[in-house]
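For reference, the chains in residue letters:
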Amino acid sequence: LQVFAPFLGKVWKAKVSTSKDGEPVYDVARWDKALQGQAIRMWHSVGNGSYGGETVVMWDRSQEKLVYTYFTTAGFFTNGTIEFVDERTFLSRETVTGNEAGITEVEATSHLLPDGRLRVEEGGQALEPRRTDRLPGLAVGWQHQAQNRW
């Protein structure tokens, strides 16, 4: 899991849309080590907690690959794999279970840019392709915005 080192201990923030009031809507995510360094835990929240999710990534010895499960406040979950292309880029592929919009598969490429931004490009079955650039910040004092809603 050492390959995740450049991504950890940070809060990543991206503007993902604009509200009806014209205010920006942000997706905020925190990435940290978990389970005594045997896992990576990612929390994220969209729109100040109107939607959130939590991901746990671990090395699966039997499959010899990185695997993850993502749980959401919308009641669906995903299972996927991660493959690092190089020290700054990884691909994720997931199968979605229980999504009301009919999304069953998602693929994403995440790349740590030279200026420190994290670029995520997503697409998949029943999902419009999208790209977000996430700005890094320190995780000090950060509290998951959707925690109180869970």
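Structural notes, computed from the coordinates. (Residues numbered from 1 in each chain as written. Predicted model: local features only at pLDDT ≥ 70, side-chain atom pairs only at ≥ 80, totals over all residues. Heavy atoms only, no water.)

Quick notes on the overall build of the chain
As a reminder of what qualifies: Numbering of helices and strands runs from the N terminus, with a helix taken as a DSSP run of H or I at least four residues long and a strand as a DSSP run of E at least two residues long. Categorising residues by exposure relies on relative accessible area from a 1.4 Å probe, with only protein chains included: less than 20% of the type maximum marks a residue as buried, more than 50% marks it as exposed, and the intermediate range marks it as partly exposed. In this description, contact between two residues means that some pair of their heavy atoms is separated by no more than 4.5 Å.
When helices and strands are tallied, the chain shows 0 helices and 10 strands. The secondary structure elements of the chain, listed N-terminal to C-terminal, are β-β-β-β-β-β-β-β-β-β. Projected onto the principal axes, the alpha-carbon positions of the chain cover approximately 50 × 35 × 30 Å. Put simply, the chain has 150 residues, and 40% of those count as buried. If you take every contact in the chain between residues at least 6 apart in sequence, the share linking residues at least 24 apart comes to 29%.

What to know about the environment of E128
Considering the arrangement of structural elements, one finds E128 in strand 10 (residues 127-138). For the pair E128 and S110, spaced 18 residues apart in sequence, the C-alpha separation works out to 17 Å.

Regarding the packing of aromatic side chains
Two descriptors summarise a pair of aromatic rings, namely the distance from one centre to the other and the angle between the planes of the rings. Applied cut-off: Two aromatic rings, drawn from Phe, Tyr or Trp (for Trp, its six-membered ring), form a pair once their centres lie within 6.5 Å of each other, and the interplanar angle then sorts them: stacked below 30 degrees, edge-to-face above 60, tilted otherwise. Two conditions define a charge sitting above a ring: the NZ of Lys or the CZ of Arg must be within 6 Å of the ring centre, and it must be within 35 degrees of the ring normal.
Applying the stated criterion across every chain, the model contains 9 aromatic pairs. An angle of 85 degrees between the planes, with centres 5.1 Å apart, marks the rings of F4 and F84 as edge-to-face. With F4 in the segment before strand 1 (10-18) and F84 in strand 6 (residues 77-86), this pair connects stretches of sequence that are 80 residues apart. The same class applies to F4 and to F84, which are both buried. Through a chain of ring-to-ring contacts, the aromatic side chains of F4, F7, W31, F84 and F90 assemble into a single cluster. The ring centre of Y26 lies 4.3 Å from the NZ or CZ of K13, which sits over that ring.

Quick notes on unusual backbone geometry
Even without a glycine there, the phi angle at Q36 is positive, about 55 degrees. Relative to the helices and strands, Q36 is located in the loop between strand 2 (24-34) and strand 3 (39-46). Positive phi, normally seen in glycine, also occurs at N48, with a value near 55 degrees. Note that N48 resides in the loop between strand 3 and strand 4 (51-60).

Notes on the environment of W59
Inspection of the secondary structure assignment puts W59 in strand 4. Given the relative accessible area of 45%, W59 is considered partly exposed. Spatially, the C-alpha atoms of W59 and R93 are 15 Å apart, while their sequence positions differ by 34 residues. Once residues within four sequence positions are removed from consideration, W59 is found in contact with L1, E64, K65 and L66.

Here we look at the nonpolar core
A general tendency of soluble globular proteins is for nonpolar side chains to be buried together. For clarity, the cut-off: The nonpolar core is taken to be a set of buried Ala, Val, Leu, Ile, Met, Phe, Trp, Tyr and Cys residues, with the residues joined through side-chain atoms within 4.5 Å.
In terms of nonpolar packing, the biggest core is built from 18 residues, with F4, F7, W31, V57, I82 and F84 touching the most fellow members. Of all elements in the fold, only strand 2, strand 3, strand 5 (65-72), strand 6, strand 8 (105-112) and strand 9 (118-124) reach the threshold of two or more residues within this core.

These figures come from the coordinates and say nothing about function on their own.
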